[in-house]
Amino acid sequence: LLVATFFIYSQVQDHNFINFDDDLYITDNLNVQAGLNSESFIWSFTTSHPPYWHPVTWLSHMLDYHFYGSNPKGHYLTNLFLHICSVLIVGIVFFRMTGGFWQSSFIAAMFAFHPLNVESIAWLAERKNVLSTLFWILTMWAYVSYAEKPTIKRYGLVFLFFTLGLMSKPMLVTLPFALLLLDYWPLKRLSLKKEKNNNTTLVKIISKKSNFFKLIAEKIPLFFLSIGLSILTVYFQTINGAVKSLDLIPLQARLTNSLVSYLEYLGKIAWPSKLSILYPHPENALPVWLGIFCGVVLVSITIISIKLINKAPYLTVGWFWYLGTLLPVIGIVQVGGQAMADRFTYIPQIGIFMIIAWGIPDLVSKWRHKEKVLAVSVGIITLTLMITTWIQVGHWKNSITIFQHAIKVTGKKYPNLAVAHNHLGMALFAEQRNEEAIMNYKSAIKLNPEHTYAHYNLGIALFAEQRNEEAISHYKRAISLSPNYTFAHYNLGNSLFAVKKYKEAIFHYKMAIKLNPNYTFAHYNLGNALFAIKKNKEAIFHYKMAIKLNPSYTYAHYNLGIVLLHQKEPKEAAQQFKETIRLRPDLEKAHDYFKMALLQSEKIE
């Protein structure tokens, strides 16, 4: 099982970073790239961006960067190692709880090979998912030991793993409720019976009340952790603007999407096709009747599972596991622009695997050749999933392949698909496929005319193609949508400078500096624009600011030397050209200007 898991995911060793959140977590994150030190350690516990508090996840990324640097291979292998550990432990934990070897092995195999899990392993930004899930399963393992022999030491281990899991990703907030489900089945710490009253079947707790409340009480510390992390997460998401307001996505649209998503996830577990990195939120596009229909189906399944609670406890536990663990990410509190996400099923699907592992053998228990039928069926399912997963992993090779696949399998009628086109454009531009990038940026803008980043990125691509007037119009549109967009002001300044509109360029460079006083390139280019209109003293000031922020900025030294020559300050100019030559000995013009400055300084020798 472990060898097969490694084999189908082994191709991730040749994958590149993805330009969707991997930059936030690794490639553009200077704190992570600093590796493990006192400053980065403190930062990991105090930062609120991205909008999660997950210091353990940050520390794991720092540790990876310490060992592997910017080579993605090691980072991906860590993700795979964490997944393999979870596969192994989930099988062991279920076998220990139930004694069902083949059922537990089936759950482990489905968890190992299901294509829905590819996103969590093949996307480095989702380290938080594989890491937190490992701690979820370790918490279950520790809880089983505690249930067998309750001691403070064993409970301490439960508390520790749960805390580390919450510090990896807030998804674990539902774990205390999942443990209560396990108390009923398979741990049998809580028992139920049916009683008929006026032709109505009721389910009653027959354990001693003291025992029931004891099971609740022992989890109170875990509930407090969950509540605390939930409040902290909502706070971080709110201050970072990640939570969508009811004005953008009304409650009715959220409820409809949530009910539909519950069944969509079931469909993808049963038939994992058209999997995408992004499923755009339909907003108000889903009809209300569809939400009502899905709600009726979900309630019907829930009623059936409750009625069969004694006969098929795995059905009740598995179903409520699925419903409950999906609840935090089902979209009632809408974070981001996605309707759903494959990674959200990483833990919830275990509940469905429970139902299948024990339910199918029960259904065919009276069949004559049930063992052979089950063995052949599981073999076919497992092989099919392995092949599908191998193919799905291949789509994650790089940013181009994953977003091309997303656009191919996702309907093009939703505005949020603009995100996929924008990121595909960025990936193509990075490969210098500028015309293809421009086409995708325009597709993004067509889908969502108010997509700030698509306008900005289109401006960059057009500027690279020397289509400056077009670039200027899109930079201005980006700024109108986001007036404090520092980079848009800076790049608009560059385009205006290119068409010799120096005064407008100066205005936008100054805006960029106002928004970010330490913006080295803005100071440098502002110096260039000021020099162009002969405001030499101001130009000198900004060149010196650029050098102060980056003493190794070759061209800031070089251009400062030129302006100083114009100001008839050859001695200072000579110093700047000397430093330029030290940084770039091959820059011939710097040698010429250096000689000129020396001559003007009467340093003939």
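Anyway, here's the lowdown on the structure attached to this text. (Residues numbered from 1 in each chain as written. Predicted model: local features only at pLDDT ≥ 70, side-chain atom pairs only at ≥ 80, totals over all residues. Heavy atoms only, no water.)

### Details of the nonpolar core
(1) Moving on: Counting 178 residues, the largest nonpolar core has Phe-94, Ile-107, Trp-136, Met-140, Ile-277, Trp-321 and Tyr-322 as the members making the most contacts within it.
(2) Moving on: If one sorts the elements of this core by residue count, helix 9 (residues 127–148) sits on top with twelve residues.
(3) Moving on: When neighbours within four sequence positions are excluded, Ile-107 is seen to be in contact with Val-90, Phe-94, Ile-350, Phe-353, Met-354, Ala-357 and Trp-358. (Core = buried A, V, L, I, M, F, W, Y, C linked by side-chain atoms within 4.5 Å. Buried < 20%, exposed > 50% of the residue type's maximum accessible area, 1.4 Å probe, protein only. Helix = DSSP H or I, 4+ residues; strand = E, 2+ residues; numbered from the N terminus. Contact = heavy atoms within 4.5 Å.)

### A few points about the layout of surface pockets
(1) Moving on: The volume enclosed by the second largest pocket comes to roughly 1100 Å³.
(2) Moving on: In terms of lining, the second largest pocket is formed by 39 residues, of which the most central are Phe-106, Met-110, Ser-377, Val-378 and Ile-381.
(3) Moving on: Counting residues per element, the ones that place at least two in the lining of the second largest pocket are helix 7 (101–113), helix 14 (251–270), helix 17 (349–363) and helix 18 (370–394).
(4) Moving on: Looking at the lining of the second largest pocket residue by residue, the class counts come to 24 nonpolar, twelve polar and three charged. (1 Å grid on protein atoms, 1.4 Å probe; cavity = no way out; pocket = protein on both sides within 12 Å on 5 of 7 lines; lining within 4 Å. Points joined across faces, edges and corners; volume = space filled by probe spheres on them. Nonpolar A, V, L, I, M, F, W, Y, C, P; charged D, E, K, R; others polar.)

### Describing the packing of aromatic side chains
(1) Moving on: Enumeration over the complete set of coordinates arrives at 37 aromatic pairs.
(2) Moving on: Between Phe-111 and Tyr-346 the ring centres are 5.0 Å apart and the planes differ by 40°, which places this aromatic pair in the tilted class. Here Phe-111 is found in helix 7, whereas its partner Tyr-346 is found in the loop between strand 4 (338–340) and helix 17, with 235 residues between them in sequence. Pair check on accessibility: Phe-111 and Tyr-346 agree, each one buried.
(3) Moving on: Seen from their ring centres, Tyr-490 and Tyr-509 are 6.0 Å apart, and the 50° between their planes marks the pair as tilted. Here Tyr-490 is found in helix 24 (residues 486–498), whereas its partner Tyr-509 is found in helix 25 (residues 502–515), with 19 residues between them in sequence. The residues Tyr-490 and Tyr-509 share a single accessibility class, namely buried.
(4) Moving on: In textbook terms, an aromatic cluster arises when at least three aromatic residues are bridged by ring pairs, as seen for Phe-20, Trp-123, Trp-396 and Phe-403. (Phe/Tyr/Trp six-rings, centres within 6.5 Å; stacked < 30°, edge-to-face > 60°.)

### So, the side chain of Ser-261
(1) Moving on: Mapping Ser-261 onto the fold places it in helix 14.
(2) Moving on: On the basis of relative accessibility, which here comes to 2%, the residue Ser-261 falls in the buried class.
(3) Moving on: In contact with Ser-261, not counting residues within four places along its chain, are Ile-330, Ala-339 and Met-340.

### Considering the packing of helix 14 against helix 15 (residues 288–307)
(1) Moving on: It is at 8 Å that the axes of helix 14 and helix 15 come closest, and there the two elements cross at 50°. In terms of orientation, helix 14 lies oblique with respect to helix 15. Between helix 14 and helix 15 lies a crossing whose hand is left-handed. Side by side, helix 14 and helix 15 meet where Gln-252, Thr-256, Leu-259, Val-260, Tyr-262 and Leu-263 of the first sit next to Val-288, Leu-290, Gly-291, Cys-294, Gly-295, Val-297 and Leu-298 of the second.
(2) Moving on: By residue class, the composition of the contact of helix 14 with helix 15 is nine nonpolar, four polar and no charged. (Axes fitted to C-alpha atoms, helices over the stretch in contact; angles between N-to-C directions. Parallel < 35°, antiparallel > 145°, perpendicular 65-115°, else oblique. Left-handed = near helix turned anticlockwise from the far one by under 90°.)

### A look at the pattern of salt bridges
Between side chains of opposite charge, a pair can form as their charged atoms come close.
(1) Moving on: In this structure the tally under the stated criterion is 19 salt bridges.
(2) Moving on: Glu-218 is paired through a salt bridge with Arg-189; the nearest N and O atoms lie 2.7 Å apart. Of this pair, Glu-218 sits in the loop between helix 12 (209–217) and helix 13 (220–239) while Arg-189 sits in the loop between helix 11 (175–184) and strand 1 (192–197); the two residues are 29 residues apart in sequence, bridging distant segments of the chain. No difference in accessibility class separates Glu-218 from Arg-189, as the two residues are buried.
(3) Moving on: Where Lys-501 meets Glu-469, a salt bridge forms, and the shortest distance between an N and an O atom there is 4.0 Å. With Lys-501 in the loop between helix 24 and helix 25 and Glu-469 in helix 23 (residues 468–481), this pair connects stretches of sequence that are 32 residues apart.
(4) Moving on: Judged by relative accessible area, which is 33%, Lys-501 ranks as partly exposed.
(5) Moving on: By relative accessible area, Glu-469 is classed as partly exposed at 47%.
(6) Moving on: One continuous salt-bridge network, built from bridges that share partners, spans Glu-119, Glu-126, Lys-128 and Arg-343. (Salt bridge = Lys/Arg side-chain N within 4 Å of Asp/Glu carboxyl O.)

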